[in-house]
Amino acid sequence: MAGLDPEDWGSLRALGHRMLDDMIDRLATQSSDADPADNPVWQPMPASERQALRRPLPRGPSDPAELYEQFQQRIVPYALGNTHPRFMGWVHGGGTGIGMLAEMLAAGLNANLGGRDHAPIELERTVIRWAAEMVGMPDTSSGLLVTGSSMANMIAVLTARRAWAGPTVRSGGVGSLGLVGYAGSSAHGCIPRAFDMAGLGTEALRAVPVDPNHRMSLPALEAAIARDRAAGLHPFIVVATAGSVDTGAIDDLDAIATLCARERIWFHVDGAFGALAALSPTLRQHLAGIERADSLAFDFHKWAQVPYDAGCVVVRDAGAQADAFAQTLAYLGREDRGAAGNAPWPCDLGPDLSRGFRALKVWMTLGTYGADRMGEMVDQCCAVARHLAARIEAEPDLELLAPVGLNIVCFRFCRGADDLDQFNAELVKDLHESGIAVPSTTTIGGVRAIRAAIVNHRTQNHDADIMIDGLLALAALRHSR
Ligand SMILES: *Cc1c(COP(=O)(O)O)cnc(C)c1O
């Protein structure tokens, strides 16, 4: 018995074809027209199924067809539902068929994109150049595909830290350097986490107040920087948000870029989903200034619909990114030719050594649709959000809680209960369990909000209507009880 390959390639091939057919059938039925009763967005996983997955480490072999049976029975029906047009919770991409196929090809090659000289790395470099082109950053920028914007933001913070503090920070740590950074109070939670993981501490991140449109206040940012400088501290980074997670607000990137240039502070943009608006001719103006970023974090797995996971960081000064991460190790020597050529390697640009071939699914997805079609899809999502907002404004029991500038709609039932926060929270859980639609919740101006983020290319106006009709019916049901 040599190796793990099957004795019978024919049965593996047949199983593979069946898997492909089943998954394509499943994707083909994720349309708005499917009856909600047959196709719940989400359903709770029964305790028996949960228990069935908790088996000990298998000591002997199993038939892959039997494992696939379990996948169909126990996993597929209880997935989160973000391929469904009425999934509007958090910020989840919908995925595409071509992305799924690219994942299969990447797994078949089993490429390791940590480094060395091979074509998959050239493809990742191409995708990074495309990312820079999308937002107008120079084609000499460096970058990396990573798990998500959480990791991309982390890499940017570490790159800015190294750029300010010099080479000794990598061995000596931040100790008493006095580095401080700034982000709007509605910045994503991965920013303080990056400060924590970078050894800066979350207190070194100043939460700058936001204005009534949920954008970072420029006067407040300037005042905070002046205060810290007066106290002998060293402002080194401003994290602007392009598409905030709670309301979709976009900070004034151009003004912040100018301020950072004047103050000699690293200008980072968290554009996790919002950066994709750069592909829309109508929305692009809202991102003016993003091309001036020293670094940018965004996700291909959110609005660009690439299957999870596919985050991206782009750094204007390629040398700065390598300075922050590159190592010299005897067992990873770079050569002038042979398979160990092609320096710098991706492992010089981030914390991972072994890395999968994420670039293929990004390349195939962008290649299949083209950037213009992607921009239209982004526009379409925003049009659905505007339709939803209009519908909310027309319903006397509902109110909008934040302006709808992009694709996120925050609203609530504004009457019908003493404790409106609890009423709205319970209704969202009712809606999830009904299988009709899955929005999420957040807090806006101190009150509980129902939050619908239109990130899925499959979501249409009538999906928004079905969600509102479902919420109204469930509210009536609660009142009749
Ligand atoms: C989703 C999101 C993140 C985190 O990205 P992940 O890909 O989930 O790690 C960061 N910032 C914003 C604004 C986001 O919407």
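Residues numbered from 1 in each chain as written. Predicted model: local features only at pLDDT ≥ 70, side-chain atom pairs only at ≥ 80, totals over all residues. Heavy atoms only, no water.

**Re the site of the ligand**
Step number 1: Taken together, 13 residues are adjacent to the ligand, and Ser150, Asp270, Asp299, His301 and Lys302 come closest.
Step number 2: Between the ligand and Ser149 there is a distance of 3.0 Å, counted from an oxygen atom to a backbone nitrogen or oxygen.
Step number 3: Here an oxygen atom of the ligand and a side-chain polar atom of His301 are 2.9 Å apart.
Step number 4: In isolation the ligand has 380 Å² of accessible area, and contact with the protein removes 86% of it.
Step number 5: Split into classes, the residues belonging to the shell around the ligand amount to four nonpolar, six polar and three charged. (Near = heavy atom within 4 Å. Polar contact = N/O pair within 3.5 Å; in protein donor to acceptor, adjacent residues only side chain to side chain. Areas by Shrake-Rupley, 256 points an atom, 1.4 Å probe, with all protein chains shown as cover. Nonpolar A, V, L, I, M, F, W, Y, C, P; charged D, E, K, R; others polar.)

**Observations regarding the UniProt feature "modified residue: N6-(pyridoxal phosphate)lysine" (unreviewed entry) in the protein**
Step number 1: According to UniProt, the feature "modified residue: N6-(pyridoxal phosphate)lysine" (unreviewed entry) maps to Lys302 in the numbering used here.
Step number 2: One can find Lys302 in the loop between β6 (295-299) and β7 (311-315).
Step number 3: Those residues within four positions of Lys302 in sequence are excluded, and the remaining contacts are Val91, Gly93, Ala272, Phe273 and Val455.
Step number 4: Looking at Lys302, its side chain comes within polar contact range of the side chain of Asp299, at 3.4 Å. (UniProt positions renumbered as here; feature names shortened; annotations may be inferred. Helix = DSSP H or I, 4+ residues; strand = E, 2+ residues; numbered from the N terminus. Contact = heavy atoms within 4.5 Å.)

**Describing the pairing of strand β9 (residues 408-413)**
Step number 1: By the criterion of burial, β9 is predominantly enclosed, with six of the six residues buried.
Step number 2: Of the two faces of β9, the one carrying Ile408, Cys410 and Arg412 and the one carrying Val409, Phe411 and Phe413 are both buried.
Step number 3: For β9 and strand β11 (residues 447-453), the ladder comprises four bridges, and the chain directions are antiparallel. Across the sheet, Cys410 pairs through a bridge with Arg451, a residue of β11. (Buried < 20%, exposed > 50% of the residue type's maximum accessible area, 1.4 Å probe, protein only. Pairing = 2+ DSSP bridges.)

**Digging into the nonpolar core**
Step number 1: One finds Phe300, Trp303 and Met467 to be the most contacted residues of the largest nonpolar core, which totals 127 residues.
Step number 2: Per-element tally for this core: the top contributor is helix α12 (residues 358-394), with 13 residues.
Step number 3: In this view, Trp303 contacts Phe273, Leu276, Met377, Val378, Cys381, Cys382, Leu406, Asn407, Ile454 and Val455; residues no more than four positions away in its chain are not counted. (Core = buried A, V, L, I, M, F, W, Y, C linked by side-chain atoms within 4.5 Å.)

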